[in-house]
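Residue-level listing of the chains:
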Amino acid sequence: MVAAVRTVLGDIAPGELGVCDAHDHLFLRSPVLPGQELDDPEPAAARLRAFHALGGRAVVQWTPHGMGREAGALAALSRATGTHVVAATGLHQAAHYPPELLDRIRDDLAALFVAEVTEGIGDTGVRAGLIKVAGAFHTLDAHARLTMTAAAGAHHRTGAPIAVHLELGTAALDVLELLCGELGVPPHRVVLGHLGRSPDGAVQREAARAGAFLAFDGPSRANHATDWRLPEELAELAGAGFTGQLMLGGDTTVPETPGMPYLLRRLRPRLEEVLGAEAMETVLVANPARAFAFEAPVESGSARGGPSPDGPPGA
């Protein structure tokens, strides 16, 4: 058993991950976002190349099952740009799916998640490196409880980390009560996303005290009203001793999102002024390496095909 991060090109040692966008989307389709699909490989490649040119070396795509992950394209983009990419299994909120799809998979979700982590997504041979699920606004509805229960079961069988979409940043403590309190998932195997969208310092500190990783992701037009609070939120959490649990993501959900290049071009220097360069190295490099690593069998040669840290010539 060896600690590994499962990328779309195979397992790598956590220390190889490098500067990481801990929550983003290269491909995403949803009926909730008609006409705003991320389904073109060329803009995705351009974003990855721009991110790589700024020092980025890894992107964790949180797009789950049934939302246009394009696992095969992720592998091609990873090879072409020299950027590690981690894909997700799991399930988002019910609104993002046709009812007939949910009816077809609802009764065997844990097995689906396990298969996508251990065997591959469809016939691509690309294995998922995390399980993505979602809460509801200030609560966990029946769909959230179903998917989180399946995610916990899949985690216990595979060791894969669980990443959680918090609707507008809410219900973080309910998520931890269910996943960790009732279902036995170790808190450090849980990544809470979107906490900054509900800038409640007391909740953020309690989630950090519980031991979860906290992903602050954005900015975006939809969440502009709270994005500007990010430096003070991170400074408060770091001052309380939680630097080792903080991560950042671009969360590109529609084409106009500033996204992954902005994360390093503008946001990193702004946050370095508040946190310092050493803390930002922890947030961007050390924390994702721990959060997205899991104990799993590493087959002989499974690290084959990982992109060069410097990327291909001209990347």
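The structure we're discussing is the one just above.
What counts, and at which threshold
- Residues numbered from 1 in each chain as written.
- Predicted model: local features only at pLDDT ≥ 70, side-chain atom pairs only at ≥ 80, totals over all residues.
- Heavy atoms only, no water.
- Helix = DSSP H or I, 4+ residues; strand = E, 2+ residues; numbered from the N terminus.
- Rg over C-alpha atoms; globule rule 2.2 N^0.38 Å.
- Contact = heavy atoms within 4.5 Å.
- Areas by Shrake-Rupley, 256 points an atom, 1.4 Å probe, with all protein chains shown as cover.
- Buried < 20%, exposed > 50% of the residue type's maximum accessible area, 1.4 Å probe, protein only.
- Pairing = 2+ DSSP bridges.
- Right-handed = clockwise from strand over helix to strand, strands pointing away.
- Expected span 1.5 Å × (residues − 1).
- Bend = angle between axes of the 7 residues up to and from the residue.
- Axes fitted to C-alpha atoms, helices over the stretch in contact; angles between N-to-C directions.

Trainee: Please explain the overall build of the chain as it appears in this structure.
Mentor: Counting secondary structure elements, the chain contains eleven helices and twelve strands. Taking 315 residues into account, the globule formula puts the C-alpha radius of gyration at 20 Å, and the chain, at 18 Å, falls close to it. A principal-axis box enclosing the C-alpha atoms of the chain has dimensions of 50 × 50 × 45 Å. Of the contacts formed within the chain by residues at least 6 apart in sequence, a portion of 77% connects residues at least 24 apart. By element, 53% of the accessible surface of the chain is carried by carbon and sulfur atoms, the whole surface being about 12400 Å².

Trainee: Is there a simple way to explain the pairing of strand β9 (residues 190–193) in this structure?
Mentor: Remember that side chains alternate between the two faces of the sheet whenever the strand is regular. Burial along β9 is two-sided: the residues Val190 and Leu192 and Val191 and Gly193 are all buried. Pairing of strand β8 (residues 162–165) with β9, which is carried by four bridges, proceeds in the parallel orientation. Counted as the bridge partner of Val164 is Leu192 from β9. The parallel pair β8 and β9, bridged by helix α6 (residues 172–182), forms a crossover whose chirality is right-handed. Bridging between β9 and strand β10 (residues 213–217) involves three bridges; their strand directions are parallel. What sits directly across from Leu192, in β10, is Leu214. Running through helix α7 (residues 201–210), the crossover from β9 to the neighbouring parallel element β10 is right-handed.

Trainee: What exactly am I supposed to notice about helix α11 (residues 277–291) here?
Mentor: Counting along an α-helix, one turn takes 3.6 residues, and residues three or four places apart therefore face a common direction. End to end, α11 covers 20 Å across 15 residues, agreeing with the expected 21 Å (1.5 Å per residue, within 8%). Of all the bends in α11, the largest measures some 35° and sits at Val283. All of the buried residues in α11 are Ala279, Met280, Val283, Leu284, Val285, Asn287, Pro288, Ala289 and Ala291.

Trainee: Any chance you could explain the sheet that holds strand β7 (residues 130–134) here in plain terms?
Mentor: Taken together, six strands build an open sheet; the order of strands is β6-β7-β8-β9-β10-β11 and the sheet is parallel. Whereas interior strands pair on both sides, the edge strands pair on one side only; in this sheet they are β6 (88–90) and β11 (246–249). Across the sheet, the mean angle separating the axes of adjacent strands is 30° when strand polarity is ignored.

Trainee: Is there a simple way to explain the sheet that holds strand β4 (residues 58–61) in this structure?
Mentor: One key point about sheets: their strands pair by backbone hydrogen bonds, in either a parallel or an antiparallel sense. The sheet built from three strands is open, its strands ordered β3-β4-β5 with parallel pairing. Looking at strand neighbours, the two that pair on one side only are β3 (20–24) and β5 (84–86), the edges of this open sheet. Ignoring which end each strand starts from, the neighbouring axes of this sheet average 15° apart. Alignment of β4 against β5, held across three bridges, turns out to be parallel.

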